[in-house]
Amino acid sequence: MYQPKLHPLNQICYKHTNISFTDSGKGTAVVLLHGFLENQKMWDTLKPEFSKKNRVITIDLLGHGETECMGYVHTMEDQADIVHAVLTQLRIRKAVFVGHSMGGYVALAFAELYPDSVKGLVLLNSTSRADSEERKLNRDRAIKAVKQSYANFISLSIANLFSEDNRERLATQIETVKKEALKTPLQGIVAALEGMKIRLDREVLLHLTPYPKMLILGQKDPVLPYEETKAQIEETQVQLVTFPDGHMSTIENQTELTAVLLRFFKGL
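Residues numbered from 1 in each chain as written. Predicted model: local features only at pLDDT ≥ 70, side-chain atom pairs only at ≥ 80, totals over all residues. Heavy atoms only, no water.

### Describing the layout of surface pockets
- What the largest pocket holds in volume is close to 690 Å³.
- Lining the largest pocket are 26 residues, with Phe36, Arg139, Ala142, Ser157 and Val223 positioned closest to its centre.
- With six residues, helix 4 (residues 133-148) is the single largest residue contributor to the lining of the largest pocket.
- Partitioning the lining of the largest pocket into residue classes produces 14 nonpolar, eight polar and four charged.
- The calculated volume of the second largest pocket comes to roughly 330 Å³.
- Lys41, Met42, Thr176, Val177 and Ile251 are, among the 16 residues lining the second largest pocket, the residues nearest its centre.
- Listed by contribution, the elements that provide at least two residues to the lining of the second largest pocket are helix 6 (171-181) and helix 10 (249-252).
- With four residues, the single largest contributor to the lining of the second largest pocket is helix 6.
- The residue makeup of the lining of the second largest pocket, split by class, is six nonpolar, six polar and four charged. (1 Å grid on protein atoms, 1.4 Å probe; cavity = no way out; pocket = protein on both sides within 12 Å on 5 of 7 lines; lining within 4 Å. Points joined across faces, edges and corners; volume = space filled by probe spheres on them. Helix = DSSP H or I, 4+ residues; strand = E, 2+ residues; numbered from the N terminus. Nonpolar A, V, L, I, M, F, W, Y, C, P; charged D, E, K, R; others polar.)

Structure follows, in structure tokens:
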């Protein structure tokens, strides 16, 4: 079996690629996976509360944050494999996964590849469904746009994640998210877009897996149509939590989200 090498500063080298992560607290292992154009710092406001009673692991996904790129396409399976490498190094056999947006796609890929390692699953502003043909075209347009004007693409992309009502109120937080996003290399952005475009539909996991699952959605999410996304959990045991705002529940609904997730962790 492949054994990744451990580096100081919470980095491992997996397939010649440095993977960055944090590990804090004790208790049930909780793995927090960030979304596209984000990095593990997005969890900094929630982590102190979570790590009081849980062991919290955050990971920079491929081509994001301090984690290097591994190729020109980062599939969700590639991302899941680096998560597994980190957990193997930390000797964590089972964990609860919370994935924001793209992080949710990665959590689902992990759940398919390593089913025995999942204790619970939360899709946060995410979906189990594959991209529609229209969304695939939008990914291609995004690749073209980011190659033409990197900074402009990031600025627009980030603002469009928040509900229109909140863009003025949360202007300072939006600027902070943009600054972090601007640290994402062009190759990391393109590789993630290519990987999301070809990801598999994993709705079946919401129906057939035995562990507790939760779907958290924003009613005014500009990225994921609320009714359409909600429909995937009909006739399942998946718990639905709805917030009144956009795609960035970690910021737009931080207090309520923290309480919801702590209850979920406690109930496992």
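Read on, since the account is not over.
### Concerning the nonpolar core
- The biggest cluster of nonpolar side chains holds 61 residues, and the ones touching the most others in it are Val31, Leu33, Phe36, Ile59, Val83, Phe97 and Ile158.
- The element best represented in this core is helix 3 (residues 102-113), accounting for eight residues.
- Dropping the residues within four chain positions of it, Val83 is found in contact with Val31, Leu33, Ile59, Leu61, Phe97, Val106 and Phe110.
- In terms of nonpolar packing, the next biggest core, distinct from the first, is built from 20 residues, Trp43, Val96, Met214 and Leu257 among them. (Core = buried A, V, L, I, M, F, W, Y, C linked by side-chain atoms within 4.5 Å. Buried < 20%, exposed > 50% of the residue type's maximum accessible area, 1.4 Å probe, protein only. Contact = heavy atoms within 4.5 Å.)

### Here's the deal with the pattern of salt bridges
- The tally for this structure, following the rule as stated, stands at 16 salt bridges.
- Salt-bridge contacts for Arg202 lead to Glu77; the nearest nitrogen and oxygen are separated by 2.7 Å. In this pair, Arg202 is assigned in the loop between helix 7 (186-197) and helix 8 (203-208) and Glu77 in helix 2 (residues 76-89), connecting sequence segments 125 residues apart.
- Between Glu194 and Lys197 there is a salt bridge, with its nearest N and O atoms 3.2 Å apart. Note that Glu194 and Lys197 are positioned in helix 7 at a spacing of three residues, about one turn of the helix. (Salt bridge = Lys/Arg side-chain N within 4 Å of Asp/Glu carboxyl O.)

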